[in-house]
Amino acid sequence: MPADPSATLLVDGVWEPGSATFDVADPATLRVLGQVADAGPEEALAALAAADRAAGPWRRTPAESRSTALRAAAAEIRAQAEPLAALMTSENGKPLGEARGEILGSARMLEWAAEEARRTNGRVTPDAAAGPGLVLRVPVGPALAITPWNFPASMLVRKVGLALAAGCPVIVKPAEQTPLVGTALVRIIAAAGELPAGVLQSLTTSRPGDVAGALLADPRLRKVSFTGSTAVGLSLVRSTGDHLRRTSLEMGGHSPAIVFDDADLPAAAAAVAAAKFANAGQSCIAVNRLLVQRSVHDEFVALLLEKVAALKLGHGSAEGTTVGPLIDFTGLDKVERHVTDAVKRGATVAAGGRRWTPGDPALTGAFYEPTVLTGADDAMLISSEETFGPVLPVYAFDDDEEAVDRANATDYGLAAYVHGSALARVWRAVDQLSFGVVAVNEAFPVRPELPFGGMKNSGLEREGGTEGIDAYLETKSVAMRL
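Residues numbered from 1 in each chain as written. Predicted model: local features only at pLDDT ≥ 70, side-chain atom pairs only at ≥ 80, totals over all residues. Heavy atoms only, no water.

## Side note on the sheet that holds strand 22 (residues 473-479)
The following threshold applies: By the convention used here, strands pair only if DSSP detects at least 2 bridges between them. Numbering of helices and strands runs from the N terminus, with a helix taken as a DSSP run of H or I at least four residues long and a strand as a DSSP run of E at least two residues long. Orientation is described by axes fitted as lines to C-alpha atoms, over the contacting stretch for helices, and by angles from 0 to 180 degrees between their N-to-C directions.
Read across the sheet, three strands follow the order 5-6-22 without closing on themselves; strand pairing throughout is antiparallel. Each edge of the sheet is formed by a strand with only one pairing partner; in this case those strands are strand 5 (123-125) and strand 22. Averaged over all adjacent pairs, the angle separating strand axes in this sheet is 25°, with direction ignored. Note that strand 5 and strand 6 (residues 133-139) share three bridges and pair antiparallel. From the neighbouring strand, T125 faces strand 6, where its bridge partner is G133.

## Re the pattern of salt bridges
Once the charged atoms of two side chains with opposite charge are near each other, the side chains can pair. Put simply, the test is: Each reported salt bridge corresponds to a side-chain nitrogen of Lys or Arg within 4 Å of a carboxyl oxygen of Asp or Glu. Under the scheme applied here, a residue whose accessible area is under 20% of the maximum for its type counts as buried, over 50% as exposed, and between as partly exposed, the area being computed with a 1.4 Å probe on protein chains only.
For the structure shown, the criterion picks out 28 salt bridges. Residue R108 is joined to E449 by a salt bridge in which the shortest nitrogen-to-oxygen separation is 3.5 Å. Within this pair, whereas R108 is found in helix 4 (residues 96-116), its partner E449 is found in the loop between strand 19 (437-440) and strand 20 (455-456), the two being separated by 341 residues in sequence. By relative accessible area, which is 40% here, E449 ends up partly exposed.

## Structural notes on the nonpolar core
For the record, the criterion: Joining through side-chain atoms within 4.5 Å is the link that ties buried Ala, Val, Leu, Ile, Met, Phe, Trp, Tyr and Cys residues into a set, and such a set is a nonpolar core. Here a residue-residue contact requires only that any non-hydrogen atoms of the pair lie within 4.5 Å.
Residues I103, L164, I189 and L200 are the most contacted members of the largest nonpolar core, which totals 49 residues. When residues of this core are traced back to their parent elements, those giving at least two are helix 1 (41-60), helix 2 (63-79), helix 3 (81-92), helix 4, strand 7 (143-146), helix 5 (154-166), strand 8 (170-173) and helix 6 (179-192). Take this core: its biggest share by element is eight residues, from helix 5. Among all residues touching L164, those that are not within four sequence positions of it are W58, R66, L70, V170, I189, L195 and V199. Ranked by size, the runner-up nonpolar core spans 37 residues in total, among them F300, L414, A439 and A443.

## A look at the packing of aromatic side chains
Rules: Think of it this way: a Phe, Tyr or Trp ring, Trp meaning its six-membered ring, pairs with another when their centres are within 6.5 Å, and the plane angle makes it stacked under 30 degrees, edge-to-face over 60, tilted otherwise.
Tallied over the full model, the rule gives three aromatic pairs. An angle of 90° between the planes, with centres 5.7 Å apart, marks the rings of W149 and F388 as edge-to-face. With W149 in the loop between strand 7 and helix 5 and F388 in the loop between strand 15 (371-374) and strand 16 (391-397), this residue pair connects regions lying 239 residues apart in the sequence. Accessibility expressed as a relative area gives 15% for W149, which makes it buried. In this structure F388 comes out as buried when scored by relative accessible area, which is 18%.

## With respect to the sheet that holds strand 19
Within the open sheet, the seven strands sit side by side as 14-15-16-13-12-18-19. Their pairing is mixed. Edge strands, defined here as strands with exactly one partner in the open sheet, are strand 14 (348-351) and strand 19. Along the sheet, successive strands turn relative to each other by an average axial angle of 25°, direction set aside. Bridging between strand 13 (residues 287-293) and strand 16 involves four bridges; their strand directions are parallel. Within strand 16, the position partnered with Q293 by the bridge is F397. Those strands touched by helix 13 (residues 423-432) are strand 13, strand 18 (415-419) and strand 19, and its axis lies near 165° from that of strand 19.

## Brief notes about the side chain of K223
Stated formally: Think of a polar contact as two N or O atoms within 3.5 Å of one another; within protein, one of them needs to be a possible hydrogen donor and the other a possible acceptor, and neighboring residues in sequence only count if both atoms come from side chains.
Secondary-structure assignment places K223 in strand 10 (residues 223-227). Within polar-contact distance, the side chain of K223 engages the side chain of S248 at 2.3 Å. A distance of 3.1 Å separates a polar side-chain atom of K223 from the backbone oxygen of A471. Residues contacting K223, with those up to four places away along its chain left out, are V140, P142, A143, L144, R245, R246, T247, S248, E461, A471 and Y472.

On their own, these measurements won't tell you what the molecule is for.
Listed below in structure tokens is the structure:
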């Protein structure tokens, strides 16, 4: 591990400070936490060259050895969970309990990837007239993992673990808002796994477009895995040019939650509040539209408001904090724009609806009160745009078909939530919802064992589950004449 904390570029097995740096700040206080190296195209291409050199030897490394390396890294992440969680809270703003859960979840993801390393099986086809055939699964090659700021540990580890398990060298580009915890995790994985030079590399940068552009223009890069906004994800697809490469995209969402009249209303209210206000609503799978059956609407809203009233704003490291700041004031401006538009169009602010002014003068970040809007309708901006903040609009519906149709009325298809008790009714909704992830009476549907990804403009391919490693493998057919 480098002595210089600004040495955050891992290129060809060497930690480097780079020729320039940029600041990383605490979003709750705006206090500068430190500086990290600011990579550019030159460092990016050096990393790609190293990954290309490492691809052959890493591919030939036995799957059992790759699995052992990932297990060692997972164990070390568990051992360092507390300082890693504190670091995440300081640069991301989420409450310490949420950060701790994300770090431990990241260790589980590495352990799952370690298991998958030994299960990249092909198959043998029956003898034909000329002989048998083989179907082989081989590593796609050097990969680029572009990770987001809202889940800076779990999204990075999930991509890195599956790439390394498959036999692909991987270059990580952590989000510029949260490079510290990403860098710390890369250090742990590289050191604990005793990875050869070039197999895992990391580029911190305030110029993600320049770095990604240099890599995307080079045919040696064979795979891109991106988590972030739909606009950026679509630009990556358009940038393919003359070189086709495998691309995994996990992009924006506009998640609906449906509450049927036979749901366990107190449990559903708790689950909806958790799924909405975790990470201050800054999640692609956060509930963005709450559809409640009209016959239980008022009762359910009252239960929901009780849960919202119990939330506590503050610095993520403060005792009892359940909602931290937004990542920046650009995000806060969008939240305010959505609330203003909704109220102008007839919505009622049932809770929150304002910037939060803390008693502590040190808390100068972008805080917004957890907000519930009733009387929402489909013409409001919040009904079609992802808010990415702590605002929950509530819509009333009359019958099941209406609920599903309105839930599906979006260009996005990442996650949806269904709360109800009648199995046949719930199953019909699950079957008809056009979303890659559906949670039934559940607040947090992300598990290492389940594939994660979206339909429509929410993404391509899947991460996690037995399908996750497929994104880093090519299929090769072998016809044999014996």
